[in-house]
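Listed below are the residues making up each chain.
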Amino acid sequence: MLFAALGGILLFTGVAQAGTLSFTAGPTNIGGGQFQYDYNYSISASERLDPTATTGATCPGPGNTLIQCNPTGTFFTIYDIPNLVSVSSPFPWAISIQQVGFTPSSISGPSIDDPNLSNVSFFYNGPIVPGPITFPSFSIVSTCGVLNATGSFTSQTTKNVPFDPTDGTTLQDVGSVATPTCAATPTPTPTPTPTPTPTPTPTPTPSGTCTPVLTVTEVYPGAAAWYQAITAGPGSVTVDTINSGAGLQGYTVVSSTNANVTVPAFTFGTHDPVTATFVRLNESQPVDFTLRASSRFNTIYIQAQCPAPAGPEYAAAASPQGFKQASDGAALWRRLYLMIN
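Each chain carries its own residue numbering, running from 1 in the direction its sequence is written. Per-residue local features of the predicted model are confined to residues with pLDDT of at least 70, and side-chain atom pairs are confined, for both listing and counting, to 80 or more; whole-chain, interface and lining totals are unaffected and use all residues. Where side-chain values are given, they derive from all heavy atoms of the structure, hydrogens and water being excluded.

For the rest of this paragraph, the subject is the overall build of the protein chain. For the protein chain, the helix and strand inventory stands at zero helices and 22 strands. Type-normalised accessible area, obtained with a 1.4 Å probe on protein chains alone, sets the label of each residue: buried when under 20%, exposed when over 50%, and partly exposed for intermediate values. Within the protein chain, the fraction of its 341 residues that count as buried is 46%. Accessible surface for the protein chain amounts to roughly 16500 Å². Of this, 59% is attributable to carbon and sulfur atoms. A run of H or I in DSSP counts as a helix once it spans at least four residues, and a run of E counts as a strand once it spans at least two, with each numbered from the N terminus. Residue exposure ignores everything except the shown protein chains as possible cover, and the areas themselves are Shrake-Rupley values with a 1.4 Å probe.

Another aspect to go through is the side chain of D240. Residue position: D240 is located in strand β16 (residues 236-241). Charged residues are defined narrowly, with Lys and Arg counted positive, Asp and Glu counted negative, and His plus the chain ends left uncounted. In what follows, salt bridge is the name for a side-chain nitrogen of Lys or Arg lying within 4 Å of a carboxyl oxygen of Asp or Glu. Nearest to the buried, unbridged D240 among oppositely charged side chains is R296, at 16 Å. We call two residues in contact when some of their heavy atoms are within 4.5 Å. If sequence neighbours within four positions are ignored, D240 has contacts with Y227, Q228, A229, H271, D272 and P273.

Turning to the state of the cysteines, a few remarks are in order. Pairs of cysteine sulfur atoms within 2.5 Å are what we label disulfides. Counting across every chain of the model gives two disulfides. What pairs with C144 in a disulfide is C182, and their sulfur atoms sit 1.6 Å apart. Within this pair, whereas C144 is found in the loop between β11 (133-142) and β12 (146-159), its partner C182 is found in the loop between β13 (170-181) and β14 (213-218), the two being separated by 38 residues in sequence. Residue C144 is classed as buried on the basis of its relative accessible area, which comes to 1%. The partly exposed category is assigned to C182, whose relative accessible area is 37%. For C210, the disulfide goes to C306, at an S-S distance of 2.1 Å. On the S-S bond that ties C210 to C306, the torsion sits near 90°, and the link is right-handed. Here C210 is found in the loop between β13 and β14, whereas its partner C306 is found in strand β21 (residues 298-306), with 96 residues between them in sequence. In this pair, the class of C210 matches that of C306, namely buried.

To continue, consider the nonpolar core. To form a nonpolar core, buried Ala, Val, Leu, Ile, Met, Phe, Trp, Tyr and Cys residues must be joined to one another through side-chain atoms within 4.5 Å. Formed by 27 residues in total, the largest nonpolar core has its most connected members in Y251, F289, L291, I300 and I302. Elements with a minimum of two residues in this core: β14, β15 (227-233), β16, β17 (250-257), β18 (259-262), β19 (274-280), β20 (287-295) and β21. When sequence neighbours within four positions are dropped, the list of residues in contact with F289 reads V237, S255, S256, A259, V261, F278, I302, Q303 and A304. Membership of the second largest hydrophobic core comes to 26 residues, among which are I43, F76, L84 and V87.

Our next topic: the sheet that holds β16. In spatial order, the strands read β15-β16-β19-β18; together these four strands make up an open sheet with antiparallel pairing. Two strands bound the open sheet, and with one partner strand each, they are β15 and β18. Along the sheet, successive strands turn relative to each other by an average axial angle of 15°, direction set aside. Of the strand pairs in this sheet, β15 and β16 are connected by six bridges, and their pairing is antiparallel. When the bridges of β16 are listed, G233 appears paired with S236. Two strands qualify as a pair provided that DSSP identifies no fewer than 2 bridges between them. Note on method: axes are straight lines fitted to C-alpha atoms, helices fitted across the in-contact stretch only, with angles between N-to-C directions ranging 0 to 180 degrees.

Moving on: the side chain of S155. Tracing the backbone shows S155 in strand β12. Any N or O atom pair separated by 3.5 Å or less is treated as a polar contact, with the protein-specific requirement of one donor-capable and one acceptor-capable atom, and with residues adjacent in sequence counted only for side-chain atom pairs. A polar atom in the side chain of S155 sits 2.5 Å from the side chain of Y41. Not counting residues within four places of it along the chain, the set of residues in contact with S155 comprises A18, G19, Y41, F75, F76, P104, L171, Q172 and D173.

Turning next to the environment of V146. For V146, the location among the structural elements is in strand β12. Note on V146: relative accessible area 32%, which makes it partly exposed. Counting along the chain gives 34 residues from V146 to P180, while the straight-line C-alpha distance between them is 5.9 Å. Beyond its immediate stretch of four places on either side in the chain, V146 contacts Y37, T179, P180, T181, C182 and A183.

Along the chain, G26 connects to P27 via a cis peptide bond; the corresponding omega equals -5°. With respect to the helices and strands, P27 occurs in strand β1 (residues 20-31). Here G131 and P132 are connected by a cis peptide whose omega angle stands at 5°. Assignment of secondary structure puts P132 in the loop between β10 (129-130) and β11. Even without a glycine there, the phi angle at R296 is positive, about 55°.

Before going further, it helps to spend a moment on the environment of L117. Turning to its location among the elements, L117 is positioned in the loop between β8 (93-98) and β9 (118-124). Owing to a relative accessible area of 27%, L117 belongs among the partly exposed residues under this scheme. The spatial distance from the C-alpha of L117 to the C-alpha of N83 is 8.2 Å, given a sequence separation of 34 residues. Residues in contact with L117, not counting those within four places in the same chain, are D80, I81, P82, Q98 and Q99.

Turning our attention to the environment of S294. On the secondary structure map, S294 appears in strand β20. Separated by 68 residues in the primary sequence, S294 and W226 place their C-alpha atoms 9.4 Å from one another.

Another point: the packing of aromatic side chains. Ring pairs are drawn from Phe, Tyr and Trp, using the six-membered ring of Trp, whenever the two centres fall within 6.5 Å, and their geometry is named by plane angle: stacked under 30 degrees, edge-to-face over 60, tilted for the rest. All chains considered together, the criterion is met by 14 aromatic pairs. Ring plane angle 75° and centroid distance 5.6 Å describe the contact between Y41 and W93, whose orientation is recorded as edge-to-face. Here Y41 is found in strand β2 (residues 34-43), whereas its partner W93 is found in strand β8, with 52 residues between them in sequence. Here Y41 falls in the buried class, since its relative accessible area comes to 1%. On the accessibility criterion, W93 (0% relative accessible area) is buried.

Listed below in structure tokens is the structure:
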């Protein structure tokens, strides 16, 4: 059982270690009442990064059971981030922000996951890479500037022991790492209640929900043709594949600024519409996030943007919007690098 002082590697409790998350800096005041927290993620020589290792396979479940892996591949999750503003990651890691999960199948999520606070998951989307290796520059920005030394995270990797029967099996673990928290506000001393005055009519405030403008970028030319509808609604983005194709196989958050984005669980290969929802975190600021949808090799990136509200009239109902497709023709795939921090 290994541990280090605050700011370094903290305790893992699993039988076999599955990745190491290190807190490296923070809270760093970056202005505007926002604070940045930085992390490194490492794997050992007995592990490897593999984005598809557990696809269609089974993973450890409660007790000695085996269950379907969900999520699959290599990922880690940092839990319960209050007042989350933005997240960034190095290439080729994708970002997902949600209220619950993602948690490896053998770990009890409710014991470490407050559904009222945001979680941040990082999914590895690169080639198979054996350890040891360290990725720096994972960052979380929050309006909370106090360090919580007992935050939680989970991790899932693949065992890398050539010629061993356990090579390629799934490793899952839970650990502790520093995360943001907000300072408790002292309870003020009660003062006598003044004589009531008439309550003025409140002025409407801008809504936290908006209908975004969508820009769709194809990784390979023609990929968008495999989706019969990509639509935006108030606080939502819906994708619907064509009925004759392979169906929707992946739908994740790549990046997000000023939005808490949730992608629901769905059946692999579904032909039903799948709707991601989001909430604007700071009502006075614009929203900008990117989703990745895939149907076999037909992968698209969907950038959703809402401008900063102009005034109270912004709360008026907006009609659902479709999407505009990036206009540089066969070169659309070249914009892929913009979608991953």
